[in-house]
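# Secondary and tertiary structure notes
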Amino acid sequence: MIFGERIRLRAVEREDLPRFVEWFQDPEVRAGISLFMPMSLVEEEQWYEEMLKQDPIEHTLSIDVHQGEEWTHIGGCGLFDFEPQSRRMELGIIIGERSSWDQGFGTDVVRMLLRHAFETLNLNRVALRVFETNLRAIQVYKKIGFIEDGRLRQDHFIDGQYIDVVIMSILCAEWKSIEKGEG
Ligand SMILES: CC(C)(COP(=O)(O)OP(=O)(O)OC[C@H]1O[C@@H](n2cnc3c(N)ncnc32)[C@H](O)[C@@H]1OP(=O)(O)O)[C@@H](O)C(=O)NCCC(=O)NCCS
């Protein structure tokens, strides 16, 4: 388990899967991710079985937030596509409970993942892909210190139009200088 001040990141349990399926039905959540067909619980269960076969460092984590005396499951996140020689991975996050947006949880989670990436996994680079239309997510990543590497022009088709996919990244040295307050 990875603990922050009000967030914990833990292994995904089978009981979490129906919540993920419910979140994936929400058009506003789906607008930020590459999911365009309705998803069933069976498909999610198949994804879960496949995920468990991956290297543990690539496992998706459930995001819980501490509310009152309880931990509430609000989303999922993780690092994937580990490249050992270059020590880089990609980051993904979804906060599925829309009522939990804009409370700083996404920012907290990404910072926790970066600390894990750089201080536990000893990565050198963490990158991500974000749709140019996903202004909330881009604001989170910029605020944390991600820099735009470039764009895959018209790489994604959604709502009848092509949009760019923005590639952003942060390096270990940049993260350390931000953590020291020099960034
Ligand atoms: C993207 C996501 C992770 C952000 O999580 P969150 O908990 O809402 O993020 P935070 O509350 O930490 O920060 C949101 C920031 O975006 C800002 N914001 C909100 N709406 C915005 C908009 N339309 N334009 C620009 N900024 C916006 C907020 O003001 C806040 O910035 P601030 O702290 O500088 O004021 C979450 O909304 C989510 O999971 N969305 C669906 C899935 C998704 O898009 N995943 C990312 C794929 S790359």
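Anyway, here's the lowdown on the structure attached to this text. (Residues numbered from 1 in each chain as written. Predicted model: local features only at pLDDT ≥ 70, side-chain atom pairs only at ≥ 80, totals over all residues.)

Turning our eyes to something else, we now look at the overall build of the protein chain. Within the protein chain one finds six helices and eight strands. Helices (α) and strands (β) of the protein chain occur, in sequence order from the N terminus, as β-β-α-α-α-β-β-β-α-β-α-β-β-α. The C-alpha radius of gyration of the protein chain comes to 16 Å, within 12% of the 16 Å expected for a compact globule of 183 residues. Every one of the 183 residues in the protein chain was classed for burial, and the buried ones make up 24%. (Helix = DSSP H or I, 4+ residues; strand = E, 2+ residues; numbered from the N terminus. Rg over C-alpha atoms; globule rule 2.2 N^0.38 Å. Buried ≥ 20, exposed ≤ 12 C-beta atoms within 10 Å, placed from the backbone.)

Attention now moves to the site of the ligand. Neighbouring the ligand are 22 residues; G32, W101, G106, T107 and L135 lie closest to it. Of all the secondary-structure elements, those providing two or more residues to the shell around the ligand are strand 5 (88-95), helix 4 (105-120) and helix 5 (135-144). Ranked by residues supplied to the shell around the ligand, first place goes to helix 5 with six residues. In the shell around the ligand, the residues fall into eleven nonpolar, eight polar and three charged. (Near = placed C-beta within 6 Å. Nonpolar A, V, L, I, M, F, W, Y, C, P; charged D, E, K, R; others polar.)

Read across the sheet, eight strands follow the order 1-2-3-4-5-6-8-7 without closing on themselves; strand pairing throughout is mixed. Unpaired on one side and paired on the other, strand 1 (2-3) and strand 7 (147-158) mark the two borders of the sheet. The pairing of strand 2 (residues 7-11) with strand 3 (residues 61-67) spans five bridges and is antiparallel. Residue pairing across strands places I7 opposite V65, the latter belonging to strand 3. Packed onto the sheet, helix 4 meets strand 1, strand 2, strand 3, strand 4 (70-83), strand 5, strand 6 (125-131) and strand 8 (161-171) and runs at close to 155° relative to strand 5. (Pairing = 2+ DSSP bridges. Contact = placed C-beta atoms within 7 Å. Axes fitted to C-alpha atoms, helices over the stretch in contact; angles between N-to-C directions.)

On to the nonpolar core, then. Considering soluble globular proteins, one finds that nonpolar side chains tend to be buried as a cluster. Core analysis: the largest hydrophobic core is formed by 35 residues, its most contacted members being I63, L91, V109, L113, L114 and A117. Looking at which element gives the most residues to this core, the answer is helix 4, with eight residues. Residues in contact with L91, not counting those within four places in the same chain, are L79, V110, L113, V126 and L128. (Core = buried A, V, L, I, M, F, W, Y, C linked by C-beta atoms within 7 Å.)

Our next topic: unusual backbone geometry. Of note, the phi angle at N122 is positive, near 60°, even though the residue is not glycine. Taking the number of C-beta atoms within 10 Å as the measure of exposure, N122 has 9 and is therefore exposed.

No statement about biological role is implied by the geometric values presented.
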